[in-house]
Amino acid sequence: MSDEQRPARRRNPFADMAVANVSLVDGDPDSAEITVLTDAMRTAFAFLDDYLDGRDDRPGGTGGTVIALLGDYGIGKTHLSVRMVSRARRRLGNPRGAMYLDAAAADFLSLYKRFMTSLGVSGLVALVNDYYADRVAEALEPSGLTKDDVRAMSGLAAAETEREDVRWHEIARELGLLESRLLRQVRETLAGVTANRDFAAALTLLLRTGFQDAVWNWLLGGRPEQILVDRGVTKVIDDDLVALEALRVFALLLGGREQRFVLVVDELDKIFSAQHAPGHAEMSEFQELLQVATKAGACLVLGGLPEVWPALSGPVRARIPHPVRLAGLTEQEITDFVMRTQEATLGARTLSPFTPPVIRTIRMITRGNPREVIRLCHRAFRLADDRRRETGVDTPIDDALLSRASTDLFGQPNADDIGEQIGRVLTVANWDHYRDRVLGPRPDTRADYWVRFPQRASGCAVLLTSALLTEADVDAVLARVVALRGVEPHAVILPVVTGTPTDIAVARVREHLGHEPVLYRQATFVDDLLHALEAAMARLPELDAADPVGQVLTHTEQILRRMATMHRDLLEQIQHNADRVESVVTRPADPPAPTPTPQDDDLPEPVAGLFTAAVEALTALTTIDPEVALAFDTGTYEAADPALRIVERPDVVAAAGTGRLLVDVVIRFRSAVAAWFHRYPGTTDADARAALEGVCNVYDAMAEYLPTFRLTPLTVVPGRPEDALARVEESLSNLSFRVRRQVLRTAAGR
């Protein structure tokens, strides 16, 4: 078909990135993005509406509440968070009544600064003016004027001037009220609400001419200027504890005056996780923040990965009455999403070119993760449209096309790599296992892994199989299942499908096995495999406690397996020691240590030490000397064998590459910090702090894609210190936070 005869390309109604648009919070999100109302969303909206309507059925309820949105990447936490903020603003009729924040860095100080930036100077002045207005109204009560009358007068004044502080001062002067007395009353009110004299004094100064810049600079972390010090403001908001105290103050102010206020904090896992666990003091302050915000009548919505929940202390979890766990979309919800998306974009509410069986397969592949559903629909629609343009025929998406779309997006896994990954999971779980175990006299009784569990009469046979796209693929797997059951009738057979199976194929395997096969998805495979193996162990019959002979035989078999493992490890250690002795005898003296880079001299010792420890720890783990050096120094193929045994392993090579990238990132981070010291000598003003924050954010963004767990394969390389990986994790843990804190302390002369 010529280009002229081909049908025009159709617009793809599905987003290619499928990332929630935070900017929609100020508009109507549902007009720009399709929202499928799931059970979790209904639950979250119900909790929010109860708060907005003033319904608090809990004993001793104070009107405020805390909601936690927990879910994996792409599950829709940000999508829901944006809609909760928009919903609250519409319900309250006040754009300042709800705010969205994302925890961009792994500390509370950064979160506080983002909060202040979102609130803004105008929002802050308006907040304080609300308290000023209350005092004006109280002063006018003897005259018979009500608060509503004063509010109406404020509205008239607002049409004449843009500055809210000028507006209220003009009203007070026109009505003959004493300004100094009003300001003193506001300060006393703020001190009573916040229980914090520094903030009460500073915020009251916003109502006076000439103080706004000094107060705002102090609130953003700057040292108080003399005009603030003279009025009792002395503390500096420069660490997590003071930042949490400041957040608590604003929770009291925003939730006070019987006003509803909703604060959504997304991506809280950047602060609360196994890698970024706040200390006891910070956790206690966060607990106090939740308690104070709730008592003040505010609503906090906290979004994060599921790992956030166990990372919180028990008292903190006890102050979150409404945890909402987001789940994947169901088949019906995916169908509804596809039809509504095509209606909004193409004008036709239709499922075509998708079909119900394809929707089921999409649900199975993605587990209903909305982001992956949208991306897979985008790719499948494009491939289907390309085929329509090639053939001129409108045909539905089939299993082969969906498999191709899935491979394009998620990659085609390598069976050998998956096999190695299964072995590591079994080793970490401490289960007895064998690779490529033939259980009977015939070759088709081979299991890729044979797993034995304590006190169980049989085991679990793990079978690796490629995508089940044809009947022949399914027949081949079922034939292996039948053969294995012939020699191990009580065994649990667990197929691991490395490609994208069809819906019918999975149904046939499930019917034959009585349970689901494991579908390989890189992001969740370890958890999926562990859950499947634990379920397999639960299905296996336990050993009869009254059969001592059977138990003895089982224990004997386990002891023999352990002895074989110890024997293999001993031989490897002997060979490793022999290689090391040979390297010492034949190899020239070690090269001198690398000359320190100039950046070391440009940094104060406390700061340089953080980078030096990180680089040294990474280097100790990632280098594969002396094996490679021995190979080149000797110049023979035989001498290269130890090094070849290392570099032939893809997981070790990938881990080494990750490690070297981490070294480069840390060195560049160090150079950027050294440049910061040259650019901002002896100062920690707002501009300097913002620049340092930017450098640290860049490091965090890059390090996020180079997690230390990817370095685990390097621990099997001979010659690595036993604590090499632990040293790396310790030196990189909260590195940007520790660097930022040490830089600011050093620059301030502390």
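Numbers given to residues run from 1 along each chain, matching the order in which its sequence is written. Whole-chain, interface and lining totals are the exception, using all residues; otherwise, since this is a predicted model, local features are given only for residues with pLDDT of at least 70 and side-chain atom pairs are given and counted only at 80 or more. Water and hydrogen atoms play no part in the side-chain values, which are based on all heavy atoms of the structure.

**As for the overall build of the protein**
Piece 1. A helix here means a DSSP run of H or I that spans at least four residues, while a strand means a run of E at least two residues long, and both kinds are numbered starting from the N terminus. Along its length, the protein carries 31 helices and ten strands.
Piece 2. Burial classes follow relative accessibility: with a 1.4 Å probe on protein chains only, a residue under 20% of its type's maximum area counts as buried, one over 50% as exposed, and anything between as partly exposed. Burial statistics for the protein: of 750 residues in total, 48% are counted as buried.
Piece 3. Taking the contacts inside the protein whose residues are at least 6 apart along the sequence as the reference set, 72% of them involve residues at least 24 apart.
Piece 4. For the protein, the exposed area adds up to about 36300 Å²; of that, 53% sits on carbon and sulfur atoms. Two residues qualify as a contact provided that any one of their heavy atoms is within 4.5 Å of a heavy atom in the partner residue. To be clear on the numbers: accessible area is Shrake-Rupley with a 1.4 Å probe, and residue cover counts the displayed protein chains and nothing else.

**Section: the packing of aromatic side chains**
Piece 1. Only centres within 6.5 Å qualify two rings of Phe, Tyr or Trp (six-membered ring in Trp) as a pair; their planes then separate them into stacked at under 30 degrees, edge-to-face at over 60, and tilted for everything else. Tallied over the full model, the rule gives 15 aromatic pairs.
Piece 2. Ring plane angle 65 degrees and centroid distance 6.2 Å describe the contact between Phe-14 and Phe-381, whose orientation is recorded as edge-to-face. With Phe-14 in the segment before helix H1 (29–32) and Phe-381 in helix H17 (residues 370–391), this residue pair connects regions lying 367 residues apart in the sequence.
Piece 3. Taking 4.7 Å as the distance between ring centres and 55 degrees as the angle between the ring planes, the aromatic pair formed by Tyr-520 and Phe-525 counts as tilted.
Piece 4. Given the relative accessible area of 15%, Tyr-520 is considered buried.

**Let's talk about the pairing of strand E7 (residues 446–452)**
Piece 1. Counting buried positions over the seven residues of E7 gives six, a clear majority of the element.
Piece 2. DSSP calls a pair of strands paired once it identifies at least 2 bridges connecting them. Where strand E6 (residues 432–438) lies against E7, six bridges are found, and the strand directions are antiparallel. Across the sheet, residue Val-438 finds its bridge partner in E7, namely Arg-446.
Piece 3. Bridging between E7 and strand E8 (residues 459–465) involves four bridges; their strand directions are antiparallel. Paired with Val-451 across the two strands is Cys-460, which belongs to E8.

**What about the sheet that holds strand E3 (residues 262–266)?**
Piece 1. The five strands are arranged E2-E3-E4-E1-E5 in an open sheet whose pairing can be described as parallel. Since the sheet does not close on itself, it has two edges, and those belong to strand E2 (98–102) and strand E5 (322–325), each with one partner. With strand direction ignored, the average angle separating the axes of adjacent strands in the sheet is 15 degrees.
Piece 2. Pairing of strand E1 (residues 65–70) with E5 involves four bridges; the strand directions are parallel. Pairing of Leu-70 across the sheet is with Arg-325, part of E5. Here an angle of 0 to 180 degrees is reported between the N-to-C directions of two axes, which are lines fitted to C-alpha atoms, with helices fitted over the stretch in contact.

**Examining the sheet that holds E8**
Piece 1. Taken together, the five strands give an open sheet; going across it, the order is E6-E7-E8-E9-E10, and neighbouring strands pair in mixed fashion. Both edges of this open sheet fall to E6 and strand E10 (518–519), since each of them pairs with a single strand only.

**Describing helix H30 (residues 724–732)**
Piece 1. Taken together, the buried positions of H30 are occupied by Ala-724, Leu-725, Val-728, Ser-731 and Leu-732. All buried residues of H30 lie within an arc of 130 degrees about the axis, which places them on one face of the element.
Piece 2. Structurally, H30 contributes buried residues whose contacts are with helix H25 (605–622), helix H28 (650–679), helix H29 (686–703) and helix H31 (735–747).
Piece 3. Where H30 ends, the next residue or the one after it, Asn-734, has phi of about 55 degrees, a positive value. Along the arc lie the directions from the helix axis toward the C-beta atoms.

**What about the packing of H17 against helix H18 (residues 399–410)?**
Piece 1. At a minimum axis separation of 9 Å, H17 and H18 run at an interaxial angle of 125 degrees. When the axis of H17 is compared with that of H18, the two are oblique. H18 is crossed by H17, and the crossing has right-handed handedness. Only Leu-401, Leu-402, Arg-404, Ala-405, Ser-406, Asp-408, Leu-409 and Phe-410 of H18 make contact with H17, whose side of the interface consists of Glu-372, Arg-375, Leu-376, Arg-379, Ala-380, Leu-383, Ala-384 and Arg-387.
Piece 2. Note on residue categories: nonpolar means Ala, Val, Leu, Ile, Met, Phe, Trp, Tyr, Cys or Pro, charged means Asp, Glu, Lys or Arg, and polar means any other residue, Gly included. Of the residues contributing to the contact of H17 with H18, the split by class is nine nonpolar, one polar and six charged. Each angle receives one of four descriptions, namely roughly parallel if under 35 degrees, roughly antiparallel if over 145, roughly perpendicular if within 65 to 115, and oblique otherwise. Definitions for this section: a left-handed crossing has its near helix turned counterclockwise from the far helix by less than a right angle. A right-handed crossing has that turn clockwise.

**So, the nonpolar core**
Piece 1. By nonpolar core we mean a set of buried residues, namely Ala, Val, Leu, Ile, Met, Phe, Trp, Tyr and Cys, connected to one another through side-chain atoms within 4.5 Å. Judged by nonpolar contacts, the single largest core of 69 residues is most densely connected at Phe-115, Leu-219, Phe-250 and Phe-286.
Piece 2. With 13 residues, helix H4 (residues 108–140) is the largest single contributor of residues to this core.
Piece 3. With near-sequence residues (within four places) excluded, Phe-286 lies in contact with Phe-108, Leu-244, Leu-268, Phe-272, Leu-302, Leu-312 and Val-316.
Piece 4. Among the nonpolar cores identified, the runner-up in size contains 42 residues, and Leu-621, Ile-646, Ala-688 and Ala-747 belong to it.

**A word on the pattern of salt bridges**
Piece 1. The term salt bridge refers to a pairing of a side-chain nitrogen on Lys or Arg with a carboxyl oxygen on Asp or Glu at a separation within 4 Å. This structure, assessed with the given rule, holds 29 salt bridges.
Piece 2. Taking the shortest distance from any N to any O, the salt bridge between Asp-336 and Arg-340 comes out at 3.7 Å. A residue pair is termed a helical-turn pair when its members lie 3 or 4 positions apart in one helix, as Asp-336 and Arg-340 do in helix H15 (residues 331–346) at four residues.
Piece 3. By relative accessible area, Arg-340 is classed as partly exposed at 26%.
Piece 4. Via salt bridges that share partners, Arg-10, Arg-382, Asp-385, Arg-388 and Asp-394 belong to a single interconnected network.

**Quick notes on the confidence of the model for the protein**
Piece 1. Within the protein, residue pLDDT values average 80, and 80% of them lie at 70 or more.
Piece 2. Contacts for the low-pLDDT stretch residues 156–166, under 50 throughout, to residues beyond four places or in other chains number eleven contacts.
Piece 3. Confidence of the predictor at the level of single residues is captured by pLDDT, which takes values from 0 to 100. Contacts of residues 548–553 to residues separated by more than four positions or lying in other chains number four contacts, the stretch itself having pLDDT below 50.

**Concerning the side chain of Thr-465**
Piece 1. Note on placement: Thr-465 falls in strand E8.
Piece 2. We classify Thr-465 as buried; its relative accessible area is 14%.
Piece 3. Excluding anything up to four places from it in sequence, Thr-465 contacts Val-477, Val-496, Val-497 and Thr-498.

**Observations concerning the environment of Leu-205**
Piece 1. If you trace the backbone, Leu-205 turns up in helix H8 (residues 197–205).
Piece 2. Linking Leu-205 and Leu-228, residues 23 residues apart in sequence, is a C-alpha distance of 8.7 Å.
Piece 3. Apart from residues no more than four positions distant in its own chain, Leu-205 is found in contact with Phe-211, Val-215, Leu-228 and Arg-231.

**Details of the environment of Asp-72**
Piece 1. Within the secondary structure, Asp-72 is located in the loop between E1 and helix H3 (77–92).
Piece 2. Not counting residues up to four positions away in its chain, the partners in contact with Asp-72 are Lys-77, Leu-305 and Pro-306.

**Some words on the pairing of E1**
Piece 1. The buried fraction of E1 amounts to six of the six residues, a majority that puts the element mostly inside the structure.
Piece 2. Going residue by residue along E1, you find Thr-65, Ile-67 and Leu-69 tucked away on one face and Val-66, Ala-68 and Leu-70 tucked away on the opposite face as well.
Piece 3. The pairing of E1 with strand E4 (residues 299–304) spans six bridges and is parallel. Bridging from a neighbouring strand, Thr-65 pairs with Cys-299 of E4.

**Notes on unusual backbone geometry**
Piece 1. Of the consecutive residues Ser-352 and Pro-353, the connecting peptide bond is found in the cis state with omega at 10 degrees.
Piece 2. Phi is positive for Asp-436, close to 55 degrees, though the residue is something other than glycine.
Piece 3. If you trace the backbone, Asp-436 turns up in strand E6.
Piece 4. We classify Asp-436 as partly exposed; its relative accessible area is 43%.
Piece 5. In this structure, Gln-455 takes a positive phi of about 60 degrees despite not being glycine.
Piece 6. Locating Gln-455 in the fold gives a position in the loop between E7 and E8.

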